[in-house]
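The chain contents come next:
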Amino acid sequence: MTHLLHRSINTQLPVAVGGKGAYVMDQSGKAYLDASGGAAVSCLGHGHPDVLSALHAQLDKLAYAHTGFFTTDVAEELADRLIADAPAGLDHVYLVSGGSEAVEAALKMARQYFVEVGKPQRRHVIARRQSYHGNTLGALAAGGNEWRRSQFSPLLIETHHIAPCFAYREQREDETLEDYGQRAAEELETKILELGPDEVMAFVAEPVVGATAGAVPPAPGYFKKIREICDRYGVLLILDEVMCGMGRTGTLHACEQDGISPDLLTIAKGLGGGYQPIGATLMSTGIFEAFKTGSGFFQHGHTYMGHPMAAAAGLAVQNIIRRDDLLQNVFAMGELLAERLTERFGQNPHVGDIRGRGLFRGIELVQNRETKTPFDPALKLHARIKRKAMSQGLMVYPMGGTIDGRVGDHVLIAPPFIISPEEVEIICDRLGAAVETSLASLTET
């Protein structure tokens, strides 16, 4: 019997006791190749000696100091590191303990900014369907994952959603990918005009959609159009790079590949690589100056924000990524992973799409490849794939189709940045076997 409330109450989980490189070991001695980085978290794998050394050094110096009384050298160094490599226009960092907190802070920053500059009527948040921005109430309200939202909807603030930029599902046969991207972006302008151009405060989006839809990249030109629309109507652009950022797509920030900068940027997961809970919200000069010259403070806070141990982990992880030129490996292994996934699944009649950037890849499974019809969610194909993969010593991140039927079951692959070509081959072989066995089990039932 366990006294822990686990995510899935009736599932018995193996007990993890160790980790080394791209592998996690359980109590029985079985090794699992971590092809999802947990949830796209473990960018340096497990047990990296330089991160452990940095944590030991910080623990010997100072474990905790409340930010109401002190700052710390390590938190200041991490902020300097993040801003040195941030998209243009971002110049201050707010350190928190994870992605949901980062998004929650960004939403509050957007609201307080408009209060500070004398536009308190701006209150509406627009986001996209088939998105996920976190599980705290504000972040959950911004998200467009209906399964996660539904039972808590009476508690959520009012938000508004437009279609995602999801070419596999939404592009028409008579339009180019670029034309589709423009059409998808124009939904934002339509929604702003519907709500009132002077009443919308922010648009929230993942540059590359994460687990909710399975590594969906934007169409070319989509985010440049989004940036133009936000600027035209004075709407703040919040980019959620909690899952897709910090090198996961081959550049430190996913939005670099779209040629834009946001007003607020949220990061987490790969920021600390799982070695400590940490997230951050990066803000533009204009937002910071409004706070500084207005009330002089941000009306928000958490007990563990700017935690020295978390900052030490984040700083060590980010320094190692640069020192070891790991973004080059993300790009190279990402290309190899895409190639091998295409070879393994490209002709599978139940694989509708293979997509993503860098080491952030997804495959979408469908009942009918021609019509793109999803499997019935009641079949829980994603859960079958997870069980089969784990039995073979492979960790991947499968998700079920959304309740509106607009996306099929999908599998997210997001291995550590240190992954080798041999391990890429293992991932594709074991995943192929897990998918095929799981599809066969549907026929049997």
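As shown above, the structure is provided for reference.
Everything in this summary refers to the structure shown in the same document.

Cut-offs used in this document
Residues numbered from 1 in each chain as written. Predicted model: local features only at pLDDT ≥ 70, side-chain atom pairs only at ≥ 80, totals over all residues. Heavy atoms only, no water. Pairing = 2+ DSSP bridges. Helix = DSSP H or I, 4+ residues; strand = E, 2+ residues; numbered from the N terminus. Axes fitted to C-alpha atoms, helices over the stretch in contact; angles between N-to-C directions. Phe/Tyr/Trp six-rings, centres within 6.5 Å; stacked < 30°, edge-to-face > 60°. Buried < 20%, exposed > 50% of the residue type's maximum accessible area, 1.4 Å probe, protein only. Contact = heavy atoms within 4.5 Å.

Our focus in this paragraph is the sheet that holds strand 10 (residues 279–284). Across the sheet, which stays open at both edges, the 7 strands sit in the order 4-10-9-8-7-5-6 with mixed pairing between neighbours. Among the strands making up the open sheet, the edge pair consists of strand 4 (90–96) and strand 6 (160–162). For this sheet, the mean angle separating the axes of adjacent strands, direction not counted, is 20 degrees. In the sheet, strand 5 (residues 124–128) pairs with strand 7 (residues 200–205) via 3 bridges, with the strands oriented parallel.

Another point: the packing of aromatic side chains. All told, the structure shown has 5 aromatic pairs when counted by the stated rule. Considering the side-chain rings of Tyr94 and Phe298, the 5.2 Å spacing of their centres and the 80 degrees angle between planes classify their relative orientation as edge-to-face. On the criterion of sequence distance, the pair formed by Tyr94 in strand 4 and Phe298 in the loop between helix 10 (285–293) and helix 11 (308–323) is long-range, its members being 204 residues apart. Here Tyr94 and Phe298 have matching classes, each one buried. Taking 4.9 Å as the distance between ring centres and 80 degrees as the angle between the ring planes, the aromatic pair formed by Tyr222 and Phe223 counts as edge-to-face.

Before going further, it helps to examine the sheet that holds strand 14 (residues 397–399). Taken together, 4 strands build an open sheet; the order of strands is 11-12-15-14 and the sheet is antiparallel. Each edge of the open sheet is held by one strand with a lone partner, namely strand 11 (351–357) and strand 14. Each adjacent strand pair in this sheet contributes to an overall mean axis angle of 15 degrees, direction not counted. One ladder, built from 6 bridges, connects strand 11 with strand 12 (residues 360–365); its direction is antiparallel. The partner of Asp353 across the bridge, within strand 12, is Glu364. On the sheet, helix 12 (residues 326–345) packs against strand 11, strand 12 and strand 15 (409–413) and is oriented at approximately 15 degrees with respect to strand 12. Relative to strand 14, helix 13 (residues 381–391) is tilted by about 160 degrees, and along the sheet it contacts strand 12, strand 14 and strand 15.

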